[in-house]
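Coordinate analysis (summary)
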Amino acid sequence: MNNTLPVWLPPMVCLEDFAGDSNAYIEHLFSIFKTDFIESSPSYNNKRILFDNRMLEQDKPEGFLHIVTEKDNLTGQRTNTDLRRCERLCWIRPVIENFTDDAIDYWEKEDRGKIKTKFLLRDMDFVVILSSRKNSCYYLVTSYYLDWPNSKRKILKERDLYIKQKPPQ
């Protein structure tokens, strides 16, 4: 992995920057999310990007919680803060806004009747996923760091298949 950040990408926000205070860290991450997705209207392909704004836990919208936590495989509850996701939360909007940059691959994939647009910041092993809704908007589905070799192989295989099947322009 090349650790050179594109000039438009902000530095990661790490728990260590908050002296290990996880509450202050989550509140700071939420302030970034608020700025990027609640107080403004990001867009992709001239369509607004929305998020799951249901308030299910912790006075934070589900769309935010989904980005910063992992679900327990047995209970389905969001229990574990995923620091790799948290550190890169500030990258989500810049990746979407700079999707034509050479550092990013993007493609579409049909998944359960919905079209998902995936953005891969290649050298940083970071993925953002949007879902198209009724041709009127997109929803922020998730973002994550590809921390497992199998996950990376799978996403690269999906990207390569899309490129192979895409008609020439």
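Residues numbered from 1 in each chain as written. Predicted model: local features only at pLDDT ≥ 70, side-chain atom pairs only at ≥ 80, totals over all residues. Heavy atoms only, no water.

The pLDDT averaged across the chain works out to 89; a share of 95% of its residues lies at or above 70. Looking across the chain, the model is least confident in strand E3 (residues 55–57), with a mean pLDDT of 73, and most confident in helix H4 (residues 92–97), with 97. (pLDDT = per-residue confidence, 0-100. Helix = DSSP H or I, 4+ residues; strand = E, 2+ residues; numbered from the N terminus.)

A separate point is helix H1 (residues 22–38). Over its 17 residues, H1 runs 22 Å from end to end, which matches the ideal 24 Å to within 8%, given 1.5 Å per residue. Those residues of H1 that fall on the buried side of the exposure criterion are Tyr 25, Ile 26, Leu 29, Phe 30, Ile 32, Phe 33, Asp 36 and Phe 37. One face of H1 carries all of its buried residues, which in axial projection span an arc of 160°. For H1, the N-terminal capping position is held by Asp 21, with its side-chain oxygen 3.1 Å away from the main-chain nitrogen of Asn 23. (Expected span 1.5 Å × (residues − 1). Buried < 20%, exposed > 50% of the residue type's maximum accessible area, 1.4 Å probe, protein only. Arc of directions from axis to C-beta. Polar contact = N/O pair within 3.5 Å; in protein donor to acceptor, adjacent residues only side chain to side chain.)

What follows covers the environment of Val 95. Looking at the secondary structure, you find Val 95 in helix H4. By relative accessible area, Val 95 is classed as buried at 0%. In sequence terms Val 95 and Lys 116 are 21 residues apart; their C-alpha atoms lie 15 Å from each other. Beyond its immediate stretch of four places on either side in the chain, Val 95 contacts Trp 8, Leu 9, Ile 104, Phe 119, Leu 121, Phe 126 and Val 128. (Contact = heavy atoms within 4.5 Å.)

It is worth spelling out helix H5 (residues 149–165) at this point. With 17 residues, H5 should cover 24 Å at 1.5 Å per step; its first-to-last C-alpha distance of 24 Å lies within 8% of that length. Its buried side turned inward, H5 meets strand E7 (104–111), strand E8 (114–121), strand E9 (126–133) and strand E10 (137–145).

On to the side chain of Thr 142. Among the secondary structure elements, Thr 142 is positioned in strand E10. A distance of 3.3 Å separates the side chain of Thr 142 from the side chain of His 66, its partner in a polar contact. Among the polar contacts made by the side chain of Thr 142, one reaches the side chain of Arg 85 at a distance of 3.4 Å. The residues contacting Thr 142, other than those within four sequence positions of it, are His 66, Arg 85, Val 127, Val 128 and Ile 129.

Throughout the structure, instances matching the rule amount to 14 salt bridges. The salt bridge partner of Lys 109 is Glu 158, with a shortest N-O separation of 3.9 Å. With Lys 109 in strand E7 and Glu 158 in helix H5, this residue pair connects regions lying 49 residues apart in the sequence. On the basis of relative accessibility, which here comes to 36%, the residue Lys 109 falls in the partly exposed class. (Salt bridge = Lys/Arg side-chain N within 4 Å of Asp/Glu carboxyl O.)

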